[in-house]
Amino acid sequence: MRESFQEQGIGRIMKEQHGPSAGSWSWTCFDGGAQGRADTKGEAVAAVEIAYTRRIVGSDLAR
């Protein structure tokens, strides 16, 4: 599943189907290369949105 902003693809989320992480969601932000894992689809979508926003505004809100 691709996440988009103004019809531009900004990231991807994918549900892990096999192995020890089966059932979790992996996510990647295309711009900047941030990536990670989340327990739910909603958390993965939010993580892509946060990573993209941080990249656009040039800020790391986690610090």
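An account of the accompanying structure is given in this report. It should be emphasised that the depicted structure is a prediction, and the values quoted were computed from it without experimental measurement. (Residues numbered from 1 in each chain as written. Predicted model: local features only at pLDDT ≥ 70, side-chain atom pairs only at ≥ 80, totals over all residues. Heavy atoms only, no water.)

### Brief notes about the overall build of the protein chain
Helix and strand counts for the protein chain stand at one helix and four strands. If you list the helices and strands of the protein chain from N to C, you get β-β-β-β-α. The buried share among the 63 residues of the protein chain stands at 27%. With the model as given, the accessible surface of the protein chain reaches about 4500 Å², and the carbon-plus-sulfur share is 48%. (Helix = DSSP H or I, 4+ residues; strand = E, 2+ residues; numbered from the N terminus. Buried < 20%, exposed > 50% of the residue type's maximum accessible area, 1.4 Å probe, protein only. Areas by Shrake-Rupley, 256 points an atom, 1.4 Å probe, with all protein chains shown as cover.)

### Some thoughts on the side chain of serine 24
Here serine 24 lies in the loop between β2 (8-15) and β3 (25-29). A distance of 2.7 Å separates a polar atom in the side chain of serine 24 from the backbone oxygen of serine 21. Every residue in contact with serine 24, bar those within four places of it in the chain, is listed here: Met14, Lys15, Glu16, Arg37, Ala38 and Asp39. (Polar contact = N/O pair within 3.5 Å; in protein donor to acceptor, adjacent residues only side chain to side chain. Contact = heavy atoms within 4.5 Å.)

### Focus: the pairing of β3
In terms of burial, β3 is largely enclosed, as four of its five residues are buried. As paired elements, β2 and β3 share five bridges and run antiparallel to each other. When the sheet's bridge partners are listed, isoleucine 13 is paired in β3 with tryptophan 27. Sheet topology note: the β3/strand β4 (residues 35-38) ladder contains four bridges and is antiparallel. Of the residues in β4, the one forming a bridge with serine 26 is arginine 37. Connecting the antiparallel pair β3 and β4 is a turn made up of five residues, with glycine 32 showing a positive phi of about 105°. (Pairing = 2+ DSSP bridges.)

### A look at helix α1 (residues 41-57)
With 17 residues, α1 extends 24 Å from end C-alpha to end C-alpha; this agrees with the ideal 24 Å at 1.5 Å per step. Burial in α1 covers these residues: Ala44, Val45, Ala47, Val48, Ala51 and Tyr52. Buried residues of α1, seen end-on, are gathered within an arc of 160° and therefore sit on one face of the element. At the exit of α1 stands glycine 58, carrying a positive phi of roughly 70°. (Expected span 1.5 Å × (residues − 1). Arc of directions from axis to C-beta.)

Note that every value here comes from positions in space, so none of it alone points to a role or purpose.
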